[in-house]
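# Structural description and commentary
Here is what each chain is made of, one letter per residue.
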Amino acid sequence: MEFQSVKSEVAEALRRYGFYIFDKSKLGFVEEVVKLLRDLGPLVRVRSLSQNPNYFVLEIDIYAFEASCRERCLKNGLVDYRCFNKCMVDSNKNAVERVVAAISR
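As the structure is a computational prediction, the values presented were derived from the model and not from experiment.

Buried residues of helix H2 (residues 27-36): Leu27, Val30 and Val33, and no others. For H2, the angular spread of buried residues about the axis comes to 115°, placing them on one side. Lining the buried residues of H2 we find helix H1 (3-17), strand E1 (19-23), strand E2 (44-49), strand E3 (52-60) and helix H4 (81-104). Downstream of H2 by one or two residues, Arg38 has phi in the positive range, about 45°.

Have a look at this one:
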């Protein structure tokens, strides 16, 4: 499998599902895709699946924007969870769009 094919698979999976599951044979190609992201690299993470260490998932790292959403939705010392959940969903969607755009270049 060549790099361009994996790059297309990653972009399509992120666009459709928000994550990409792959086996160990594609790990090197996926790491190259992540390198393409440069400044957006902290928005994604690659981790092995605990059920089967031969499989990995590339996904948006929600911790990249969790703190800013929590801060944005803090009111009188309490987190407004409706605001927080909306912020997390919107931030995740925005991150997926930015990552897919960068991969698709």
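Our focus in this paragraph is the packing of aromatic side chains. Ring pairs (aromatic) are described by centroid distance and by the angle formed between their planes. Overall, the coordinates contain four aromatic pairs when judged by the stated rule. Taking the centre distance of 5.7 Å and the plane angle of 20° together, the rings of Phe22 and Phe56 count as stacked. Remark: Phe56 occurs in strand E3 and Phe22 occurs in strand E1; sequence separation between them is 34 residues. Plain terms: the ring middles of Tyr81 and Phe84 are 6.2 Å apart, the flat faces sit at 80° to each other, and that makes the pair edge-to-face. Here the residue Tyr81 and the residue Phe84 both occupy positions in helix H4, the gap between them amounting to three residues, near one helical turn. Residue class for Phe84 comes out buried when judged on its relative accessible area of 8%. Through a chain of ring-to-ring contacts, three or more aromatic side chains come together here, namely Tyr20, Phe22 and Phe56.

Next up on the list: the state of the cysteines. A covalent bond bridging the sulfur atoms of two cysteines is what the word disulfide describes. Counted by the stated rule, this structure contains two disulfides. Each disulfide pairs two cysteine sulfurs, and for Cys69 the partner residue is Cys87, the sulfurs being separated by 2.1 Å. Because the sign of the S-S torsion sets the handedness, a value of about -75° for the bond joining Cys69 and Cys87 places this disulfide among the left-handed ones. You can see Cys69 sitting in helix H3 (residues 63-72) and its partner Cys87 sitting in helix H4, a full 18 residues away along the chain. Exposure class is identical for Cys69 and Cys87. Each is buried. The residue that forms a disulfide with Cys73 is Cys83, at a sulfur-sulfur distance of 2.1 Å. Classification of the bridge connecting Cys73 and Cys83 rests on its S-S torsion, roughly -65°, and on that basis the disulfide is left-handed. Of this pair, Cys73 sits in the loop between H3 and strand E4 (74-75) while Cys83 is found in helix H4, placing the two residues 10 residues apart along the sequence.

Inspection of the secondary structure puts Asp61 in the loop between E3 and H3. For Asp61, which is buried and forms no salt bridge, the nearest opposite charge comes from Arg45, at a distance of 4.4 Å. Leave out the neighbours within four places in its chain, and Asp61 touches Pro42, Leu43, Val44 and Arg45.

Rules and cut-offs
Residues numbered from 1 in each chain as written. Predicted model: local features only at pLDDT ≥ 70, side-chain atom pairs only at ≥ 80, totals over all residues. Heavy atoms only, no water. Buried < 20%, exposed > 50% of the residue type's maximum accessible area, 1.4 Å probe, protein only. Helix = DSSP H or I, 4+ residues; strand = E, 2+ residues; numbered from the N terminus. Arc of directions from axis to C-beta. Contact = heavy atoms within 4.5 Å. Phe/Tyr/Trp six-rings, centres within 6.5 Å; stacked < 30°, edge-to-face > 60°. Disulfide = S-S within 2.5 Å. Lys, Arg positive; Asp, Glu negative; His and termini not counted. Salt bridge = Lys/Arg side-chain N within 4 Å of Asp/Glu carboxyl O.

These results come straight from atomic positions and should not be treated as a statement about function.
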